[in-house]
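# Examination of the molecular architecture
So you can see what is in the structure, the chains are spelled out below.
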Amino acid sequence: MMLQATDLAFGYGRIKVGQGVTLSVDRGEVLCLLGPNGCGKTTLFKTLLGLLPRQGGRLELNGKDIADFSRSQFARHVAYVPQATGAYFPFSVFDVVLMGRASRIDTFASPTMADRAITQEALAALGIGHLATRPFTDISGGEKQMTLIARALAQEPELIVMDEPTASLDFGNQARVLSRISSFAASGMAVVISTHDPSHAFACASRVALMQAGALVAIGRPADVLTPQSLQALYGVEVAVAYLDQAGRHVCTPTLNERNAP
Ligand SMILES: Nc1ncnc2c1ncn2[C@@H]1O[C@H](COP(=O)(O)OP(=O)(O)OP(=O)(O)O)[C@@H](O)[C@H]1O
């Protein structure tokens, strides 16, 4: 297994957010995490990435405890696409994506032609080449999200962890990002994403994990795990799950029946 978490407990200082989480992801797989607001998805991701110290359990990358990696060693294997919020400096979009190369550039050395070419390819892969010279602070939320995905791609990671990668994207860019996620996995990467749309799990995930109050309540293939019953239990609303011939996969939608009204 590329990434293996066993009986992981996580939270902030003395505050416990989650416990008992066992999951793994291997090359070529997309693992999709679903769960209601505040259940602990981002906290779990930050713990998987070593950005938050774990409160208990084991966490290994390629068989080695993640605590035994330096930050730059770890970044050569794993890229993180955070939610596109927070303060940023006015670097150009090109330079933000080029920063994805940082862990591969020696201290005090400058980016090479190859680093710049890989940056250009990552911008093109996400369809944002035209934004290259724009300041990152002056682009839209969706454009920021695409830039952060391009930065992760430029890192050439084995594992990419994406926190709600489709959150601020329009319908077309959601579809483009879901397709890119599938192609990342097809090219041999391991991918972990979170989303609030269970249909997205059907679109790109090999496995899906359902999280409730910091614990995993189910993990398995989307068709086995994502049922009207499991989604109703997770979100507290009635959900229809149907196979759509034209799309060639299942989609999920709330029924909006009267009895779902708050
Ligand atoms: N820095 C922090 N210190 C203490 N508690 C925090 C901190 N950040 C988040 N929490 C709490 O931890 C819990 C889990 O938050 P987390 O952001 O992991 O949820 P999430 O599943 O990612 O939510 P969402 O779907 O809304 O993004 C919440 O109760 C939240 O209030």
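Refer to the structure printed above.
Residues numbered from 1 in each chain as written. Predicted model: local features only at pLDDT ≥ 70, side-chain atom pairs only at ≥ 80, totals over all residues. Heavy atoms only, no water.

### Brief notes about the sheet that holds strand β9 (residues 207-212)
Within a sheet, each strand pairs with its neighbour through backbone hydrogen bonds, oriented either parallel or antiparallel. As a reminder of what qualifies: Pairing between strands requires that DSSP locate at least two bridges from one strand to the other. A helix here means a DSSP run of H or I that spans at least four residues, while a strand means a run of E at least two residues long, and both kinds are numbered starting from the N terminus. In this analysis, axes come from line fits to C-alpha atoms, helices being fitted only over the stretch in contact, and the angle between any two N-to-C directions falls in the range 0 to 180 degrees. By definition in these notes, contact holds between two residues if any of their heavy atoms fall within 4.5 Å.
In space, the six strands of this open sheet follow the order β6-β7-β8-β3-β9-β10, with mixed pairing throughout. Strands at the two margins of the open sheet, each flanked by one partner only, are β6 (78-81) and β10 (215-220). Taken pair by pair, the neighbouring strands of this sheet meet at an average axis angle of 15°, ignoring direction. In the packing of helix α6 (residues 171-186) onto the sheet, the strands contacted are β3 (30-34), β7 (159-162) and β8 (190-194), and the crossing angle to β8 comes to about 150°.

### Describing the pattern of salt bridges
Stated precisely, the cut-off is as follows: Salt bridges, as used here, are contacts in which a Lys or Arg side-chain nitrogen is within 4 Å of a carboxyl oxygen on Asp or Glu. Any residue under 20% of the maximum accessible area for its type is buried, any over 50% is exposed, and the rest in between are partly exposed; the area is computed with a 1.4 Å probe on protein chains only.
All told, the structure shown has six salt bridges when counted by the stated rule. Taking the shortest distance from any N to any O, the salt bridge between Arg 207 and Glu 29 comes out at 3.2 Å. Of this pair, Arg 207 sits in strand β9 while Glu 29 sits in the loop between β2 (15-25) and β3, and the two are 178 residues apart along the sequence. For Glu 29, a relative accessible area of 19% puts it in the buried group. Where Arg 101 meets Asp 115, a salt bridge forms, and the shortest distance between an N and an O atom there is 2.9 Å. Of this pair, Arg 101 sits in the loop between α3 (93-98) and α4 (113-125) while Asp 115 sits in helix α4; the two residues are 14 residues apart in sequence, bridging distant segments of the chain. By relative accessible area, which is 5% here, Arg 101 ends up buried.

### Section: empty space enclosed by the protein
Condition: Cavities and pockets were defined on a 1 Å grid built over protein atoms only: a cavity is a set of grid points that admits a 1.4 Å probe from which the probe cannot escape, a pocket is an open set flanked by protein on both sides within 12 Å along at least five of seven lines, and lining residues are those with an atom within 4 Å of any such point. Grid points are joined across faces, edges and corners, and a volume is the space filled by probe spheres set on the points. When residue character is reported, Ala, Val, Leu, Ile, Met, Phe, Trp, Tyr, Cys and Pro are called nonpolar, Asp, Glu, Lys and Arg charged, and the others, Gly included, polar.
The final tally for this structure, using the stated rule, is one cavity of 30 Å³ or more. Approximately 40 Å³ is the volume found for the largest cavity. Together, Leu 23, Leu 31, Cys 32, Leu 33, Leu 44, Phe 45, Leu 48 and Val 192 line the largest cavity. When residues of the lining of the largest cavity are traced back to their parent elements, those giving at least two are β3 and α1 (41-48). Of the residues in the lining of the largest cavity, the class split is eight nonpolar, no polar and no charged.

### Overview of the sheet that holds strand β1 (residues 3-12)
Taken in spatial order, the four strands of this open sheet run β2-β1-β4-β5, and their pairing is antiparallel. Looking along the sheet, the strands with just one partner apiece sit at the ends: β2 and β5 (64-65). The pairing of strand β4 (residues 56-61) with β5 spans two bridges and is antiparallel. Opposite Leu 61, over in β5, you have Lys 64 as the bridge partner. Docked against the sheet, α1 engages β1, β2 and β4, running at close to 120° with respect to β1.

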